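Structural overview for review
As a plain string of letters, each chain reads:
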Amino acid sequence: MLQQRGVSFGATASFVGTMRDFNEGDPVRKMVLEHYPGMTERHLELIVETARRRWKFLDALVIHRTGEVEPGDPIVLVAVWTAHRGAAFDACREMIEALKSEAPLWKKETLDDGERWVEKNTSGY
Amino acid sequence: MSIRVRYFASLRDRMGRVEETLAAEGLATVSDVWKAVGEGKPLPEQILCAVNMDYADPDSPVKDGDEVAFFPPVTGGQQRAR
């Protein structure tokens, strides 16, 4: 895909989010990721298009898993190809932050003593 | 034709049903739909809504054939700008 268009991208930035085995002070055995079929995909595309208007990038890729995941499993990938590194880092960060707050996704954790819906995002730091 | 109403995540658990269908007569806004399904209780503050897969507000219009969804904040707490 990128190769056919000649190598004009100078920078690739990517983010992978993996499932932690610990949340809100409790060990987490596994997690189910729920989405809203149709709306979630639309909003992932909107997030890329919004970033594309702010930064000139050659291509971007966003993948988000749904269903059951276990600690250590990758959950989300955001990758972006740009001419220069600044746009790559900025666009990548912007897209993952937007995804966390705008894409309709919900997490249900299985703990030692039962299940729980995740109520709030980590702050990112 | 009618309005399809869908629930997701912890709200679905609370409602005890995945979705339902309502006759559109007398329903003009999202909050009207909620009153019809939520035993007349007002829309809980943190519950988000969508019409035809776009984020909406309680006063967003609804019409016959629309799909309305209600769900808790996504993944976490960041409130959508209303």
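Everything that follows concerns the structure shown earlier in this document.
Okay, so let's go over this structure. (Residues numbered from 1 in each chain as written. Chains lettered and ligands numbered in written order. Predicted model: local features only at pLDDT ≥ 70, side-chain atom pairs only at ≥ 80, totals over all residues. Heavy atoms only, no water.)

1. With respect to the packing of aromatic side chains
All names here are of chain B. Put simply, the rule is: Aromatic rings from Phe, Tyr and Trp, taking only the six-membered ring of Trp, are treated as a pair when their centres fall within 6.5 Å; an angle between ring planes under 30 degrees marks them as stacked, one over 60 as edge-to-face, and anything in between as tilted. Secondary structure elements follow DSSP: runs of H or I of four or more residues count as helices, runs of E of two or more count as strands, with numbering from the N terminus. Here the term buried applies to any residue with accessible area under 20% of the maximum for its type, exposed to any over 50%, and partly exposed to those in between, with areas from a 1.4 Å probe on protein chains only.
Taken as a whole and judged by the stated rule, the model has seven aromatic pairs over all chains. Ring centres of Tyr55 and Phe71 lie 6.2 Å apart, and the angle between their planes is 65 degrees; this geometry places the pair in the edge-to-face category. Separated by 16 residues along the polypeptide, Tyr55 in strand E4 (residues 54–56) and Phe71 in strand E5 (residues 67–71) bring together distant segments of the chain. Assessed through its relative accessible area of 0%, Phe71 is described here as buried.

2. Section: the interface of chain B and chain A
The line we're drawing: Two residues qualify as a contact provided that any one of their heavy atoms is within 4.5 Å of a heavy atom in the partner residue. Throughout, buried area stands for the accessible area (probe radius 1.4 Å) lost by two parts on being put together, summed over both. We define a salt bridge as a contact between a side-chain nitrogen of Lys or Arg and a carboxyl oxygen of Asp or Glu at a distance within 4 Å.
Contacts between the two partners involve 22 residues from chain B and, on the opposite side, 22 residues from chain A. Roughly 1,900 Å² is buried in total at the junction of chain B and chain A, and carbon and sulfur atoms are behind 55% of that figure. In this structure, the connection of chain B to chain A is made through three salt bridges. A salt bridge links A:Arg42 to B:Asp54, with the nearest nitrogen and oxygen atoms 3.5 Å apart. Looking at the side of chain B that touches chain A, the elements that each hand over two or more residues are helix H1 (9–15), E4 and E5 of chain B.

3. Thoughts on the sheet that holds E5(B)
Adjacent strands of a sheet pair through backbone hydrogen bonds, lying either parallel or antiparallel. Residue and element names in this part refer to chain B. Applicable threshold: Being paired, for any two strands, means DSSP has found at least two bridges between them. Lines fitted to C-alpha atoms define the axes, with helix axes restricted to the stretch in contact, and inter-axis angles between N-to-C directions lie between 0 and 180 degrees.
In space, the five strands of this open sheet follow the order E2-E1-E5-E3-E4, with mixed pairing throughout. Unpaired on one side and paired on the other, strand E2 (19–22) and E4 mark the two borders of the sheet. Taken over all neighbouring pairs, the strand axes of this sheet differ in orientation by 30 degrees on average, direction set aside. Both strand E3 (residues 48–51) and E4 contribute to a ladder of three bridges, which runs antiparallel.

Such coordinate-based values are descriptive only and should not be taken to indicate function.
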